[in-house]
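Coordinates in review
Listed below, chain by chain, are the residues.
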Amino acid sequence: MNTGPNAPRWNILRKALARWYASAKRDLPWRRTSEPYPVWVSEIMLQQTRVAAALPYYERFLQRFPTVESLAGAPEQELLAVWSGLGYYSRARNLQKAARQIVAAGGFPRTYEGLRELAGIGDYTAAAVASISFGLAHAVLDGNVMRVLTRLMAEPGDIQSPKTRARLAAVAREFLDQRAPAEHNQAVMELGALVCLPREPQCLLCPLAGECRARREGRAAEFPVKLRKQKKVEVDLALLVVEREGRVLVWQRGAEEGRMAGFWELPARQQLPGARELAEAGSFRHVITHHQHTVRVFRAVAKRVPAGYHWRDRKELREIPLSTIARKALRMAGVD
Ligand code: SF4
């Protein structure tokens, strides 16, 4: 418990935060329901994906799989096609695994511990669904919340260390509004997304400003503390868009490819040494965790094609799960 002279006055903060959230929150489709299925889908999508990018996927996903039963019974290729472009595909596979667990159990678990047993559901998602759908008093701790709390407390520990995480989890529990955990959790996350921004916190607009230690000490930008920075790896890639009679050459990753198994790709330059490059369509950057890809896209023709490649027309390309890089490259070449 934070009971020292510098301890925040939680009651005042809870009320200020609730008032701010009531007037400032964004109207997002998953906030119009407390049903566990759409709440869970949105929480999984929003991990590693920005709200604006997730929105169209969320709508499309629920249109295609409106119930947990329809998700449980969907062919994997169809599931991955709907998820294609969102990245981090283990999320989609785990959603389906968990959907099957839920169907087998006869319904959604209604406790934090029960939710935690489902595939792909960690502490954060279990707390989010438990509070938003079932009104249970579990505090969420995601990147946004940690940023707010480390600044509020001027937490000096490395954000990646388990000890710091445990301290922040305790702060989050103390801060939690036990009577309105759903609104409270969403309010802290929203504050992190809209006001307590990573680079330029908008302290003048912040309902917690009066009790925030980092602000008081003029050190907001110093938190959260990250001691170990993962080294960035640069990857250069040249992809070929080879067309023949309105169809494009693609190949599919095999079962041994882990999280990308089953996805379709464009050939890279070194895979088709006999191809003739016609023109460069452009280039783009794509980041996957700490890998920074620079992708150059070339239109090309190929007389002979090795075994294992397939020709697909535009309609088929829309229906198979393409990797995000392949999808971006096709768009760049005007094929989508
Ligand atoms: Fe973040 Fe500033 Fe609010 Fe503190 S006062 S929580 S640093 S936005």
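Residues numbered from 1 in each chain as written. Predicted model: local features only at pLDDT ≥ 70, side-chain atom pairs only at ≥ 80, totals over all residues. Heavy atoms only, no water.

**Considerations on the overall build of the protein**
Filter applied, for reference: A run of DSSP states H or I qualifies as a helix once it reaches four residues; a run of E qualifies as a strand once it reaches two. Both are numbered from the N-terminal end. Each residue is assigned to one of three classes by its accessible area relative to the maximum for its type, calculated with a 1.4 Å probe on protein chains only: buried under 20%, partly exposed between the two thresholds, exposed over 50%. Here a residue-residue contact requires only that any non-hydrogen atoms of the pair lie within 4.5 Å. Surface accessibility follows the Shrake-Rupley procedure with a 1.4 Å probe radius. Residue values consider only the protein chains on display as shielding.
A count of helices and strands for the protein gives 14 helices and six strands. Counting every position in the protein, which comprises 336 residues, the buried fraction comes to 48%. In the protein, the share of contacts with a sequence separation of at least 24, taken over all contacts with a separation of at least 6, comes to 67%. Accessible surface, the protein: about 17,400 Å² in total, of which carbon and sulfur atoms supply 51%.

**Observations regarding the site of the ligand**
Filter applied, for reference: Near residues are defined by distance, with any heavy atom within 4 Å of the molecule or strand qualifying the residue. Each residue gets one label: Ala, Val, Leu, Ile, Met, Phe, Trp, Tyr, Cys and Pro are nonpolar, Asp, Glu, Lys and Arg are charged, and the others, such as Gly, are polar.
The local shell around the ligand consists of Arg151, Val195, Cys196, Cys203, Cys206, Ala209, Cys212, Arg215 and Ala220. Broken down by class, the residue content of the shell around the ligand amounts to seven nonpolar, no polar and two charged.

**Examining helix H6 (residues 90-105)**
What counts, and what does not: Helix span, as expected, comes to 1.5 Å for every residue beyond the first.
Taking 1.5 Å as the rise per residue, H6 with 16 residues should run 22 Å; its terminal C-alpha atoms sit 22 Å apart, in good agreement. Listing the buried residues of H6 in full gives Arg91, Ala92, Arg93, Leu95, Gln96, Ala98, Ala99 and Ile102. Here the buried face of H6 lies against helix H2 (36-46), helix H3 (51-64), helix H4 (68-72) and helix H5 (76-83). Positive phi shows up at glycine 106, right after H6, with a value of about 85°.

**Observations regarding the pattern of salt bridges**
The condition that has to hold: Just to be clear on terms, a salt bridge is a Lys or Arg side-chain nitrogen sitting within 4 Å of an Asp or Glu carboxyl oxygen.
A complete count under the given rule lists 17 salt bridges for this structure. For glutamate 155, the salt bridge identified is with arginine 167, shortest N-O distance 2.8 Å. In this pair, glutamate 155 sits in the loop between helix H9 (143-153) and helix H10 (162-175) while arginine 167 sits in helix H10, placing the two residues twelve residues apart along the sequence. By relative accessible area, which is 7% here, glutamate 155 ends up buried. When salt bridges with common partners are traced through the structure, they connect Arg213, Glu217, Arg219 and Glu222 into a single cluster.

**Comments concerning the packing of H2 against H3**
Quick reminder of the rule: In this analysis an axis means a line fitted to C-alpha atoms, helices contributing only their contacting stretch, and an angle means the value between N-to-C directions, from 0 to 180 degrees. If an angle is under 35 degrees, it is roughly parallel; if it is over 145, roughly antiparallel; if it lies from 65 to 115, roughly perpendicular; otherwise it is oblique. Should the near helix be turned anticlockwise from the far one by less than a right angle, the crossing is left-handed, and should it be turned clockwise, the crossing is right-handed.
Their axes nearest at 10 Å, the elements H2 and H3 cross at an angle of 140°. In terms of their interaxial angle, H2 and H3 are classed as oblique. Relative to H3, the crossing made by H2 is right-handed. Counted together, Tyr37, Pro38, Val41, Ser42, Met45 and Leu46 of H2 and Val51, Ala54, Tyr57, Tyr58, Phe61 and Leu62 of H3 form the full contact between these two elements.

**Structural notes on the environment of alanine 193**
For alanine 193, the location among the structural elements is in helix H11 (residues 181-194). According to the relative accessible area criterion, alanine 193 is partly exposed, its value standing at 30%. In sequence terms alanine 193 and arginine 147 are 46 residues apart; their C-alpha atoms lie 9.9 Å from each other.

**Overview of the domain arrangement of the protein**
Applied cut-off: What counts as a domain boundary in this text is fixed by an automatic or database domain assignment. Summed over both partners, buried area is the accessible surface (1.4 Å probe) that two parts give up on being assembled. Throughout this description, a polar contact denotes any pair of N or O atoms lying within 3.5 Å of each other; where both atoms belong to protein, one of them has to be capable of donating a hydrogen while the other can accept it, and for residues adjacent in sequence the pair is counted only when both atoms sit in side chains.
As far as domains go, the protein holds domain 1 (10-222) and domain 2 (233-332). For domain 1 and domain 2, the distance between their C-alpha centres works out to 34 Å. Taken together, the contact between domain 1 and domain 2 spans ten residues of the former and 16 residues of the latter. Roughly 940 Å² is buried in total at the junction of domain 1 and domain 2, and carbon and sulfur atoms are behind 50% of that figure. Where domain 1 touches domain 2, the interface holds zero salt bridges. If you look at where domain 1 meets domain 2, you find six residue pairs in polar contact (both at pLDDT 80 or more). When residues of the side of domain 1 that touches domain 2 are assigned to their parent elements, the largest contribution, three residues, is made by H5.

**Overview of the packing of helix H1 (residues 10-24) against H11**
Two numbers describe how H1 lies on H11: the axes approach to 9 Å, and their chain directions differ by 70°. As summarised for this structure, H1 and H11 are arranged roughly perpendicular, according to the angle between their axes. The residues of H11 that touch H1, namely those facing Arg14, Leu17, Trp20, Tyr21 and Ala24, are Glu183, His184, Gln186, Ala187, Val188, Glu190, Leu191 and Leu194. For the contact of H1 with H11, the residue count by class is eight nonpolar, two polar and three charged.

**Topic: the nonpolar core**
Quick reminder of the rule: Residues belong to one nonpolar core when they are buried, are Ala, Val, Leu, Ile, Met, Phe, Trp, Tyr or Cys, and are joined through side-chain atoms within 4.5 Å.
Formed by 78 residues in total, the largest nonpolar core has its most connected members in Tyr37, Trp40, Met45, Phe61, Leu71, Trp83 and Leu208. For this core, the leading source of residues is helix H8 (residues 123-134), giving eight residues. Those residues in contact with tryptophan 40 that lie beyond four places of it in its chain are Val68, Leu71, Leu95, Ala98, Ala99, Ile102, Phe108, Ile121, Thr125 and Val129. Ranked by size, the runner-up nonpolar core spans 19 residues in total, among them Val241, Ala268, Phe284 and Ala326.

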